[in-house]
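Tertiary structure, described
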Amino acid sequence: MFDRIADALELKGEAIFRVNAYRRAARIMRDLTEDVEQVRSEGRLLDIPGVGEGTGKKIEEYLNTGEMRKYAEVTRGINEELLDMLSIQGLGPKTLKLAHDSLGVNGLEDLKKVIEDGTLQELPRMGVKKVENIRRGIELFERSKGRIPLGVALPIAERVMEALSGERSVKHMSAAGSLRRMVETVGDIDILAAGSRGGEIIEAFTRMPSVTDVLAAGDTRGSVLIDGETQVDMRVVKTSEYGAALQYFTGSKAHNVKLRGMAGTMGMKLSEYGVFRGEKRIAGKTEEDVYRALGLPFIPPELREDRGEIEAAQENRLPDLVLFEDVVGDLHVHSNYSDGADSIEKLAQAAASSGLEYIAICDHSKSAQYAGGIDEGVLRSQMEEIERINRKVRPFRVLKGIEVDILKDGTLDLADEILDQLDIVVASVHMGFRQNVTGRMVRAMENPRVKVICHPTGRLISRREGYDVDLDTVMETAASTGTALEINAYFDRLDLNDVNVKKARDMGVLFSIGTDSHSVETLWYRALGVGVARRGWLRKKDLLNCLSADQVASLRK
DNA sequence: GCCGTTTTCGGCCCGACTGTTTTCAGTCG
C-alpha cells in the first residue's frame, strides 16, 4: 500500500521527498522479519528507522481497521493499470500525468490510442522522437515477463562477458547491479567494463549473435535484448574510475543514497567518478579505495541493501562472510533411483570435478510416488552401490542420505531403524501444504535423526506462495534441537530466502546448502545457495557444508 | 514524510542523456 501511495503521489506531482519517504517505508515493511503486530504491540513502530509519526499512524490504522484512508484517498479515480504504467521506460510521472489530465488516458489501451492518432505528440514538450521512445517502451513493457530469476540471468551474464573477453582494450569487466548482489531475481543484467576504446567494446557487445534488438549504442553505454526478452546494459568507463563506477552501478540504490549522504556530512562527495573533497579526487580506482575514503572497510556486494551493513561497517562488526570455496559439499542431490536423471557415479564425478569434496544422495522416500520415491529395500541396495562407488572415487565421497517425507501426522515416511544406517537424513513437506505444517516440522525436528529441514517455506519464486507455516516457531525449534534449515539452492526455490536466513542466524540456527539437483546440469546452483547465505550474513561456522564429509556423517543433535 | 555532529526547520544523492527548447524539463540508473 505504501508503494501504491508513492506511485499515486508521484503521479499527482507531489514533492519527490515525500514520495521517496513512502517508498522507503514500503521497502522497510517488505524487509521486516518481525511480525508487525508484535512490533506495534510493544510500542516499537517508531523505533524503526524510516517510520515516523505519519507512516506509524497509518500502520496502526491498517492493523486496527484493515484499511488506510490515505491509500483510498490518493488512489481515488486512478486505475491500478495507470500506476503500473509508471514502469514503462521513457514514460515518467510527468508525461503520464499530462496524458491523464489533458487526454483522459487511464490505461495502456488509452495510451496506445493517443500515440496512434497523434494527439500525444501535440502536448507541450512532446516530439516525434519522444513519442517513438514511449512506443518502444510500451512494446518492451508488454513483452517482458517481469523479473528474471538469478539462476537464469547468471549464465547469460557469463556468456556476455565471455564474448567480450577477447576485446583488447578491456582491462576489467564485472557484472554489476542486482546480479552482482545476488538478488534472487533481477530486472536486467548490468555489465561494467574498464577500457580505452568504449565505442569498439560497445560495438562488439551489440554484435553478439544472441542479440535480437539494439536499444541503444554509444561510446560509453549500450543496451540490448538477448533472445528477444532479456535486457542487458553495458557500460564502459576509464580504468581510473572503475572502482567508483562499480561501486555505484552495483547499488543498491538505498545503500548508495546512504553512503552519499554520509560522504556529504564528512565534507566529501561520492559519485560514479570517485570520492571528492572539494575539487580534489581522493579515491575511485578500486571499490576498496572508495570505502576506505569514507572510513569504512570493504562491504561485500551481497550485503549492500541498507539493512544495517553500513552501521556494522562503521563499528567494524561486518560478518566474516562464507566464501564459495568454503562450501565443500552439496547436501541435497537426487539420482536416478528416484526422479533424478543421472547415475550416482556420474553425479559424483561431476561434483568432484566442480571442486566439491562430497555430495549427499538424498532421493525421495516411498510416499512421494509422483517422484519415484524409494522404499527401505531400494534404499538398502542404493547404500551398497554407494559403498562401491566410494571405493572408486576416493578421496571424493558420496554420503548415504534420504530426503524423507514428513507425513500428514508429522511422522516420517521411513522407519528409524533404516534412517539410523544413513550418513545424513534431510526431511521435507511435500504434501498437505495447508495442514498443520508447523506442528509436523516441529515433530520431525524433534527426531534426532533428522539433521535438516528442506525448503522450509515451500515457496516457488515464479509461481507459488508456500506453506501455511509459522516460521518463528520453526526457527526456534531448529535452534533448540540443533536442526539445520536448508538453503535450497534450486533456482526457483532459494528457500529460505536472504532475510529469513539472517533472522534465523541471529537466533542461532545452523544451515545446509542443497542444490536439490536432479541432474549434473544444476550442481552449479551451489553458487546461488552461497549467494543467499552471504546475503543472509552467514559465516563459515553457520553452514554444515563447510564441515568435512566425516564430520557431516558423524553429526549428533 | 523523515530526521538531527548544519538538530525542530530545512534539508533530503548525484550525474548523464535525450529531446525539446533557446535555457532546461523529464527520465533514467
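The written sequence of each chain sets the order in which its residues are numbered from 1. As a convention, the first chain written is A and the first ligand written is 1, with the rest following in written order. Reporting in this predicted model follows two pLDDT cut-offs: at least 70 for local features of residues, and 80 or more for side-chain atom pairs to be given and counted; totals over whole chains, interfaces and linings ignore these cut-offs and use all residues. The side-chain numbers reported here are obtained from all heavy atoms of the structure, hydrogens and water having been left aside.

**What to know about helix 2 (residues 16–31)**
- What counts as a helix is a DSSP run of H or I of at least four residues, what counts as a strand is a run of E of at least two, and both are numbered from the N terminus. Expected span, for any helix, means 1.5 Å times one less than how many residues it has. For helix 2, spanning 16 residues, the distance from its first C-alpha to its last is 22 Å, which sits close to the expected 22 Å at 1.5 Å a residue.
- Buried residues are those whose accessible area, probed at 1.4 Å on protein chains only, stays under 20% of the maximum for their type, while exposed residues exceed 50% and partly exposed ones sit between those limits. When helix 2 is considered as a whole, its buried residues turn out to be V19, Y22, A25, A26 and I28.
- What makes two residues a contact is simply this: any of their non-hydrogen atoms within 4.5 Å. Buried positions along helix 2 lie against helix 1 (2–11), helix 4 (53–65) and helix 5 (69–75).

**Concerning the packing of aromatic side chains**
- Stacked, edge-to-face and tilted are the three classes for Phe, Tyr and Trp ring pairs, Trp counted by its six-membered ring, which pair at centre distances within 6.5 Å; planes under 30 degrees apart are stacked, over 60 edge-to-face, the rest tilted. Applying the stated rule across the entire model yields eight aromatic pairs.
- A centroid spacing of 6.0 Å and a plane angle of 45° characterise the contact between F2 and Y22, whose relative ring orientation is tilted. On the criterion of sequence distance, the pair formed by F2 in helix 1 and Y22 in helix 2 is long-range, its members being 20 residues apart. In terms of burial, F2 and Y22 fall into one category: buried.
- Between the aromatic rings of W524 and Y525, the centroid separation amounts to 5.0 Å while the plane-to-plane angle is 65°, which identifies the pairing as edge-to-face.
- Overall, Y525 belongs to the buried group, its relative accessible area being 9%.

**Section: the sheet that holds strand 6 (residues 221–226)**
- Two strands qualify as a pair provided DSSP detects at least 2 bridges between them. Strand order in the open sheet formed by five strands is 2-4-7-6-5, with mixed pairing between adjacent strands. Edge positions in the sheet fall to strand 2 (170–176) and strand 5 (211–217), since each of these pairs with one other strand and no more. Strand-to-strand twist across the sheet, computed as the mean angle between neighbouring axes with direction ignored, equals 20°.
- As judged from the six bridges shared by strand 4 (residues 189–195) and strand 7 (residues 230–237), these two strands associate in the parallel manner. Bridging across to strand 7, L192 finds its partner in R235.
- On the sheet, helix 10 (residues 150–164) packs against strand 2, strand 4, strand 6 and strand 7 and is oriented at approximately 25° with respect to strand 4.
- Angular values range over 0 to 180 degrees, each being the angle between N-to-C directions of two axes fitted as lines to C-alpha atoms, with helices fitted over their stretch in contact. Along the sheet, helix 13 (residues 242–250) makes contact with strand 2, strand 4 and strand 7, crossing strand 2 at roughly 15°.

**Describing unusual backbone geometry**
- A cis geometry characterises the amide bond from G251 onward to S252, with omega recorded as -5°.
- For S252, the location among the structural elements is in the loop between helix 13 and helix 14 (253–265).
- The residue after D495, namely L496, is reached through a cis peptide bond having omega 5°.
- Following the sequence through the fold, L496 ends up in the loop between strand 16 (484–488) and helix 22 (498–506).
- Not every positive phi belongs to a glycine, and R125 is a case in point at roughly 65°.
- Of note, R125 is situated in the loop between helix 8 (108–116) and helix 9 (128–143).
- Under the relative-accessibility criterion, R125 is labelled exposed at 77%.
- Despite not being glycine, L494 shows a phi value in the positive range, around 40°.

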